[in-house]
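The chain contents come next:
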Number of protein chains: 4
Amino acid sequence: MSDLLPDHLIDGYKSFLEKRLPGERQLFRELAQQGQHPKTMVIACCDSRTAPETLFDSAPGDIFVVRNVANLVPPYEPDGEYHSTSAALEFAVNSLKVEHVVVLGHGNCGGIHAALSPAVEPLSPGDFIGKWMSLLDPAVRAVGANELMTGRERQSALERIAIRYSIKNLRSFPFVAALEAEGKIAIHGAWVDISSGELWAMDPGSGDFSKMIDE
Amino acid sequence: MSDLLPDHLIDGYKSFLEKRLPGERQLFRELAQQGQHPKTMVIACCDSRTAPETLFDSAPGDIFVVRNVANLVPPYEPDGEYHSTSAALEFAVNSLKVEHVVVLGHGNCGGIHAALSPAVEPLSPGDFIGKWMSLLDPAVRAVGANELMTGRERQSALERIAIRYSIKNLRSFPFVAALEAEGKIAIHGAWVDISSGELWAMDPGSGDFSKMIDE
Amino acid sequence: MSDLLPDHLIDGYKSFLEKRLPGERQLFRELAQQGQHPKTMVIACCDSRTAPETLFDSAPGDIFVVRNVANLVPPYEPDGEYHSTSAALEFAVNSLKVEHVVVLGHGNCGGIHAALSPAVEPLSPGDFIGKWMSLLDPAVRAVGANELMTGRERQSALERIAIRYSIKNLRSFPFVAALEAEGKIAIHGAWVDISSGELWAMDPGSGDFSKMIDE
Amino acid sequence: MSDLLPDHLIDGYKSFLEKRLPGERQLFRELAQQGQHPKTMVIACCDSRTAPETLFDSAPGDIFVVRNVANLVPPYEPDGEYHSTSAALEFAVNSLKVEHVVVLGHGNCGGIHAALSPAVEPLSPGDFIGKWMSLLDPAVRAVGANELMTGRERQSALERIAIRYSIKNLRSFPFVAALEAEGKIAIHGAWVDISSGELWAMDPGSGDFSKMIDE
């Protein structure tokens, strides 16, 4: 059996069965019978250090979560192509009727790093990551040109710019813009410092990020 | 400040700060300094009831996670378009060098349900979810035509078919196929029954799913 | 008597006489007899919220302190003109033989703000502050051009760039460069967040700033 | 990390965090949010024994402080060159709108000593301190020629003359003179005996200094 799944997942699942499931068995059953009604959609990064369920100590049913490299929302493009993130957004907003959409970025983001320091060769001939991160090209040019900032400062700046860019793109979806105008949905930006666990929230007016809680 | 993020996330974050961060502060710091080295990539659904970190009781750094509607891997298409899931796959395999890729499906999947019972009208004029789920069209036709199965049986059947389809697509990526041939990466399928928390693993030979652990 | 000095200074002086002087009377006497031998020169801002003696809880005799707007060190210019900061540097290094020079910047710096948002009219016809801050013109152009950063982010970036610029200028003084090469003097950068009291120190290799002490 | 800043500053910062910050955290936060509004600008010497914040037991936000060697104000020279002290004066008076400007001299001033006993060789080929102190040349000639005064008396005399000279120069700035004429700003001179902590204030009419407080 140990071949069917990686050992560490099997061990983790046993731990889930033993420690967590007993207390949430009833919740899982109800969520299966009644369907999910999450209040919030979170768009987060694939990074192994930024699970929103960990950061927000979420229970099953709490948050609907898209995860892609660098937590990007592409612009609205109703062109009949496959759009993974746009599909999830449409489903969350128009079917599940979430009340909040949160774009959650983080420090030390490998995708942002790749955007700022493109490898000489792509990771594969298809260069999927290069193309995906090219969504940020204008921002990369603006930030990358500033040689007076250190590499880490440029990284940190682009992480925040990318969140604001994704939020702008969220609003390019007509159904999001309409619901926001009616006050039925709220859009948020946040950034987590993975070295310290500090959560920073974006001011919707200025776009600035500040620490949520002073320990 | 409670306006900056939804209340339930703020409360959850406080709980994280209080209960979990103290025990993992050192781990977060090391992961930030040394970078992430997850052994496993998990492709899971956005569904609020299927967080892999919850199911596998994962620590920060354990798993690299893509989440899209219905945990789909599209076929290899090096066409220069934006491919969110393919980009994450390329990054996990060729940059992070994960040793395992797990496609994790689940019961009561809303995406699968939408594929089998298309709404009269799309969720929005762009019909992003319709297009995204159309990746499964041939399977939908095969399963949908079988009127001897109940609706719930068709749903459950398509959930498993979709996992096998995604695994087939995983192997259409030349770099995945090559590493698998060399024994450097292993591909897995799994399915979780969200009403009971039961985890089912796919037999790589037959494609059958069986319960991992009998309680 | 109250006309001779502002009331709040007189009150503060009485407090000094009562609370602090008794414990330091002997120290003041010795420092007067033996002369000052500070180990460290600090170049700080005039800002009323950034007294180095407060931040470093310094005793009399500890630190030799230059304060000008935005804690700038101009480049080495042996042109026979009056150079206030260069004169202090020369005195500290060659006469007092300090072992450390610290450039201490801070958040919410009014001089940096003025550099990034020049007033339509100068503060006076002489435009002394405009000229003084023009030392940072190249950096202002680099940072100011990035419209994807918020005003606060540009401010924070320029505050750090200005510290690195001053440190570069410190090393343009031949006597500083020579002593540093001999290991007889060490140059440091630091930045204080005046809203929280957090002190950030500059990594001499990368130029990055990181928090000194995690509370 | 102890390499990043001198040990004595790190220790002092820890002491600040422990003893002073807790009581002033709210004040720092407010000063950051609302900006600084110091009532008084102090022009003091870099000397390690004459921190105005120590002498006047100042709280953050109380005083805007320029420090240069010998607390000199150069004459008004709107020549388009860099003038550190004039820039700070312009900023304090015209932007912060301080109500008081205090020139604070002190005993045992090394800069005054250098002016009276010029070294055979300058401290560096640039002779920055020689040039800076040459602002006092006419006074040095007058005092130095008086062989009936002892060296210590000449030093003490020049310290006071220098304060009156700086105050005269303050009034050469048209914006200072205008505000003083309107009663909107007051100019003060003070001198501190660093061997005893005694503060002497200047009579604005006669220019004489007398002890502020008899213990």
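Predicted, not measured: the structure shown is a model, and the values here were computed from it.

Chemist: Help me understand the overall build of chain A in this model?
Modeler: If you tally the helices and strands in chain A, you get eight helices and six strands. Element order for chain A, N to C, with α for helix and β for strand: α-β-α-β-α-β-α-α-α-α-α-β-β-β. Since a compact globule built from 215 residues should have a radius of gyration of about 17 Å, the 19 Å found for chain A is in line with a globular shape. With the C-alpha coordinates aligned to their principal axes, the bounding extent of chain A is approximately 55 × 50 × 45 Å. Looking at chain A residue by residue over its 215 residues, the buried ones come to 60%. Restricting to contacts in chain A with at least 6 residues of sequence separation, those with at least 24 account for 67%. Carbon together with sulfur atoms contributes 50% to the accessible area of chain A, which is approximately 8100 Å² in total.

Chemist: Sorry if this is basic, but what is going on with the UniProt feature "binding site: Zn(2+)" (unreviewed entry) in chain A here?
Modeler: All names here are of chain A. UniProt annotation of "binding site: Zn(2+)" (unreviewed entry) refers to Cys45, Asp47, His106 and Cys109 when read in the numbering used here. Sequence-wise these annotated residues cover 65 residues; spatially they are packed, their C-alpha atoms never more than 9.0 Å apart. Not counting residues up to four positions away in its chain, the partners in contact with His106 are Cys45, Asp47, Thr50, Asn71, Glu159, Trp191, Val192 and Ile194. Secondary-structure assignment places Cys109 in the loop between β3 (100–106) and α4 (110–116). Using a relative accessible area of 3% as the deciding quantity, one classes Cys109 as buried. The residues contacting Cys109, other than those within four sequence positions of it, are Cys45, Ala70, Gln155 and Glu159.

Chemist: Could you clarify how one ought to interpret the relation of the copies chain A and chain C in this entry?
Modeler: Both copies of the chain are related by a screw-like operation: a rotation about an axis and a shift along it. At an RMSD of 0.0 Å, chain A and chain C line up after a rotation of 180° and a shift of 0.0 Å along the axis. The operation mapping one copy onto its partner corresponds to a two-fold rotation axis. Both copies present the same face, since 100% of the interface residues in chain A are matched by interface residues at the equivalent positions in chain C.

Chemist: I keep staring at the domain arrangement of chain A and nothing clicks. Help me out?
Modeler: By a widespread convention, an interface's size corresponds to the accessible area lost as its parts come together. Residues and elements named next belong to chain A. Splitting chain A by domain gives domain 1 (1–35) and domain 2 (36–211). Counting residues at the interface gives seven residues for domain 1, matched by six residues for domain 2. Taking both sides of the interface into account, the surface hidden between domain 1 and domain 2 amounts to around 470 Å²; carbon and sulfur atoms contribute 62%. By the criterion of area lost to domain 2, the three top residues of domain 1 are Arg20, Leu31 and Gly35, representing 61% of everything that side buries. Across the contact surface, domain 1 and domain 2 share zero salt bridges. Taken together, the connections running from domain 1 to domain 2 amount to two residue pairs in polar contact (both at pLDDT 80 or more).

Chemist: I would appreciate a short explanation of the interface of chain A and chain C in the present structure.
Modeler: Facing 21 residues of chain A, the contacting portion of chain C comprises 21 residues. Here chain A meets chain C over a buried area of about 1600 Å², counting both sides, of which 50% is carbon and sulfur. Looking at the side of chain A facing chain C, the largest losses of area belong to Leu148(A), Arg152(A) and Asp208(A), adding up to 31% of the total buried there. At the surface where chain A touches chain C, the tally comes to six salt bridges. A salt bridge links Arg152(A) to Asp208(C); the nearest nitrogen and oxygen atoms lie 3.9 Å apart. Linking chain A with chain C are 10 residue pairs in polar contact (both at pLDDT 80 or more), by the criterion used here. The element that contributes the greatest number of residues to the side of chain A that touches chain C is helix α7 (residues 151–170) of chain A, accounting for six residues. Its residues placed into classes, the side of chain A that touches chain C shows nine nonpolar, five polar and seven charged.

Chemist: It is not clear to me how the packing of aromatic side chains should be interpreted in this structure. Could you clarify?
Modeler: To describe a pair of aromatic rings, one takes the distance between the centres and the angle between the planes. On inspection of all chains with the given rule, the structure shows 32 aromatic pairs over all chains. An angle of 25° between the planes, with centres 6.1 Å apart, marks the rings of Tyr13(C) and Phe16(C) as stacked. Here the residue Tyr13(C) and the residue Phe16(C) both occupy positions in helix α1 (residues 7–34), the gap between them amounting to three residues, near one helical turn. Linked through ring pairs, Tyr76(A), Phe173(A), Phe175(A) and Phe128(B) together constitute an aromatic cluster. Here Arg160(A) stacks its cationic end above the ring of Phe209(A), 5.6 Å away from the centre of that ring. A cation sits over an aromatic face here: Lys131(C) above Tyr82(D), 4.6 Å from the ring centre.

Chemist: How should I be thinking about the pairing of strand β4 (residues 186–193) of chain B in this particular structure?
Modeler: Here is the key point about a regular strand: its side chains alternate between the two faces of the sheet. Residue and element names in this part refer to chain B. Across the eight residues of β4, seven count as buried, placing the element largely inside the fold. Across seven bridges, strand β3 (residues 100–106) lies against β4 in parallel orientation. Note on β4: the bridge partner recorded for His106 is Val192. Where β4 hands over to strand β5 (residues 198–202), the hairpin turn is made up of four residues, of which Gly197 adopts a positive phi near 80°.

Chemist: For this particular structure, what's the right way to read helix α6 (residues 137–144) of chain D?
Modeler: Think of an α-helix as turning once every 3.6 residues; residues three or four places apart then point the same way. Residue and element names in this part refer to chain D. Inspection of α6 places Ala139, Val140 and Val143 among the buried residues, and these make up the whole buried set. Projection of α6 onto a plane perpendicular to its axis shows the buried side chains occupying an angular sector of 100°, all on one side. Turned more than 90 degrees away from the buried face of α6 sit Pro138, Arg141 and Ala142, all of them exposed.

Basis of the calculations
- Residues numbered from 1 in each chain as written.
- Chains lettered and ligands numbered in written order.
- Predicted model: local features only at pLDDT ≥ 70, side-chain atom pairs only at ≥ 80, totals over all residues.
- Heavy atoms only, no water.
- Helix = DSSP H or I, 4+ residues; strand = E, 2+ residues; numbered from the N terminus.
- Rg over C-alpha atoms; globule rule 2.2 N^0.38 Å.
- Buried < 20%, exposed > 50% of the residue type's maximum accessible area, 1.4 Å probe, protein only.
- Contact = heavy atoms within 4.5 Å.
- Areas by Shrake-Rupley, 256 points an atom, 1.4 Å probe, with all protein chains shown as cover.
- UniProt positions renumbered as here; feature names shortened; annotations may be inferred.
- Least-squares fit on C-alpha atoms with pLDDT ≥ 70 in both.
- Domains from an automatic or database assignment.
- Buried area = accessible area lost by both parts, 1.4 Å probe.
- Salt bridge = Lys/Arg side-chain N within 4 Å of Asp/Glu carboxyl O.
- Polar contact = N/O pair within 3.5 Å; in protein donor to acceptor, adjacent residues only side chain to side chain.
- Nonpolar A, V, L, I, M, F, W, Y, C, P; charged D, E, K, R; others polar.
- Phe/Tyr/Trp six-rings, centres within 6.5 Å; stacked < 30°, edge-to-face > 60°.
- Lys NZ or Arg CZ within 6 Å of the ring centre and 35° of its normal.
- Pairing = 2+ DSSP bridges.
- Arc of directions from axis to C-beta.

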